[in-house]
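Observations on the three-dimensional arrangement
Each chain is listed here by its residues.
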Amino acid sequence: MHKSLRIAAATAACALAGGLLYGAGAATAGQSTANSTHEPYNIGVLVKDIDTYYGTTADSDGVYQASPSSPYAKDLARIDADAKRWIDQAARKTHHRGHKPAVVFDIDDTLLLSLDYEKRYNYTYDANTWNDYVNRADRPEVFGSPALVRYAESKGVAVFYNSGLSEAQRAGAVENLKKVGADVNLDPGHMFLKDKANPPAYLSSCATPGTWTCTTVQYKAGTRKHIEKDLGYDIIANFGDQYSDLDGGYADRTYKLPNPTYFVS
């Protein structure tokens, strides 16, 4: 996963959470200011709003966790409830037409929460520390998402994973998903990860062995196209925490999970 603009997407997510954002020209109680209209949001205040949204606390081991009673958890619960209704309805219709329904999940901050990494490294990204973090395989679940994976399976829906993680991170991702209860279809035929050394033929327009020029949208939409056109599934729902997880088509419905900590274009 390449995290390019780590706090750039925070405004929309914090607004969703009802967090207070101090923009240009804003003043606290008892103050009057005449700031430049081009002044960006204050990062320190923004980080506080993010912590409020997640209900961030450090556990007894010093690991940062989200609160199950936080605005973040409540937003996820609303999304999950709607997704379950849709999966139930769409699965029945797709089966009735004689087709094979499928759902697609991103992994990072869609199934596995990386809040502790974000806090520990102050919302910055380093390939080495990120790789070590992923391979520790001890991230907590994104509230409700593993249950949604199991719900889809219970309705006869095939589960696929479409992630920006690399092939070298596969073992850590599989181990972690098992730990949080998303132990469904974790084989290479259902979990698609980036293989820049030997990319699949269906990405040949932007990737050849040793040369990778695919954008996130090209990679993820190209993989969904492969699932539908080559593997013969109807993707009834696609889940991700980034709009680049969802753009590009090849899904009947998309679900954007909240993530105010980074942006992937």
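Since this is a predicted model, take the numbers as computed values, not measurements.

1. Some thoughts on the overall build of the protein chain
For the protein chain, the count of helices and strands is 9 helices and 9 strands. Taking the contacts inside the protein chain whose residues are at least 6 apart along the sequence as the reference set, 67% of them involve residues at least 24 apart. Taken as a whole, the protein chain presents about 12300 Å² of accessible surface, with 52% of it coming from carbon and sulfur.

2. Topic: the environment of Thr223
Considering the arrangement of structural elements, one finds Thr223 in helix 8 (residues 216-230). Residue Thr223 is classed as buried on the basis of its relative accessible area, which comes to 0%. Here the alpha-carbon distance between Thr223 and Phe192, two residues 31 residues apart in the chain, equals 7.6 Å. When residues no more than four places from it in sequence are discounted, the contact partners of Thr223 are Asn162, Phe192, Tyr202 and Leu203.

3. Thoughts on the packing of aromatic side chains
In this structure the tally under the stated criterion is 13 aromatic pairs. Here Phe105 and Phe239 contribute two aromatic rings whose centre-to-centre distance is 4.6 Å and whose plane-to-plane angle is 5°, an arrangement assigned as stacked. Of this pair, Phe105 sits in strand 3 (residues 100-105) while Phe239 is found in strand 8 (residues 233-240), placing the two residues 134 residues apart along the sequence. Note on accessibility: Phe105 and Phe239 belong to one class, buried. Ring centres of Trp130 and Tyr133 lie 5.7 Å apart, and the angle between their planes is 35°; this geometry places the pair in the tilted category. Placement of the pair is Trp130 and Tyr133 together in helix 5 (residues 127-136), with a separation of 3 residues, close to one helical turn.

4. Re the pattern of salt bridges
This structure, assessed with the given rule, holds 13 salt bridges. Lys220 serves as the salt-bridge partner of Asp106, at 2.8 Å between the closest nitrogen and oxygen. Taken together, the residues Asp106 in the loop between strand 3 and helix 4 (115-120) and Lys220 in helix 8 connect sequence positions 114 residues apart. When sorted by exposure, Asp106 lands in the same class as Lys220, which is buried. A salt bridge links Glu167 to Arg170, with the nearest nitrogen and oxygen atoms 2.6 Å apart. Look at Glu167 and you get partly exposed, because its relative accessible area is 33%.

5. Quick word on the confidence of the model for the protein chain
Counting all residues, the mean pLDDT for the protein chain is 90, and 86% of those residues have values of 70 or more. Predicted confidence is poor over residues 7-26, with pLDDT under 50, and the contacts of this stretch with residues over four places away or in other chains come to 49 contacts.

6. Considerations on the nonpolar core
Residues Val103, Phe105, Ile107, Tyr161, Leu177 and Phe239 are the most contacted members of the largest nonpolar core, which totals 47 residues. Ranked by residue count, the leading element in this core is helix 3 (residues 71-96), at 8 residues. Here Tyr161 is in contact with Phe105, Ile107, Leu111, Val149, Leu177, Ala182, Val184, Asn185, Leu186, His190, Met191 and Phe192, once residues within four sequence places are set aside. Core analysis: the second largest hydrophobic core is formed by 8 residues, Ala102, Val104, Phe160 and Tyr233 among them.

7. Description of the sheet that holds strand 4 (residues 158-166)
Ordered in space as 5-4-3-8-9, the 5 strands form an open sheet in which the pairing is parallel. A single partner strand is all that each edge strand has here, and the edge strands are strand 5 (191-194) and strand 9 (254-256). Strand-to-strand, the axes of this sheet are offset by a mean angle of 20°, without reference to chain direction. Pairing of strand 4 with strand 5, which is carried by 3 bridges, proceeds in the parallel orientation. Pairing of Tyr161 across the sheet is with Met191, part of strand 5. Seen against the sheet, helix 7 (residues 170-179) touches strand 4 and strand 5 and runs at an angle of roughly 140° to strand 5.

8. Section: the packing of helix 3 against helix 6 (residues 145-154)
Their axes nearest at 10 Å, the elements helix 3 and helix 6 cross at an angle of 10°. The angle between the axes of helix 3 and helix 6 places the two elements in the roughly parallel class. In contact with Asp80, Ala83, Lys84, Ile87 and Asp88 of helix 3, helix 6 contributes Ser145, Leu148, Tyr151 and Ala152. Across the contact of helix 3 with helix 6, the residue classes tally to 5 nonpolar, 1 polar and 3 charged.

9. Details of the state of the cysteines
Such a bond, covalent and formed between the sulfur atoms of two cysteines, is termed a disulfide. According to the stated counting rule, one finds 1 disulfide in the structure shown. The disulfide partner of Cys206 is Cys214, and the S-S distance across this bridge is 1.9 Å. Taking the sign of the S-S torsion, about 80° here, the bridge from Cys206 to Cys214 comes out right-handed. By relative accessible area, Cys214 is classed as buried at 10%.

Reading the values: the criteria
- Residues numbered from 1 in each chain as written.
- Predicted model: local features only at pLDDT ≥ 70, side-chain atom pairs only at ≥ 80, totals over all residues.
- Heavy atoms only, no water.
- Helix = DSSP H or I, 4+ residues; strand = E, 2+ residues; numbered from the N terminus.
- Contact = heavy atoms within 4.5 Å.
- Areas by Shrake-Rupley, 256 points an atom, 1.4 Å probe, with all protein chains shown as cover.
- Buried < 20%, exposed > 50% of the residue type's maximum accessible area, 1.4 Å probe, protein only.
- Phe/Tyr/Trp six-rings, centres within 6.5 Å; stacked < 30°, edge-to-face > 60°.
- Salt bridge = Lys/Arg side-chain N within 4 Å of Asp/Glu carboxyl O.
- pLDDT = per-residue confidence, 0-100.
- Core = buried A, V, L, I, M, F, W, Y, C linked by side-chain atoms within 4.5 Å.
- Pairing = 2+ DSSP bridges.
- Axes fitted to C-alpha atoms, helices over the stretch in contact; angles between N-to-C directions.
- Parallel < 35°, antiparallel > 145°, perpendicular 65-115°, else oblique.
- Nonpolar A, V, L, I, M, F, W, Y, C, P; charged D, E, K, R; others polar.
- Disulfide = S-S within 2.5 Å.

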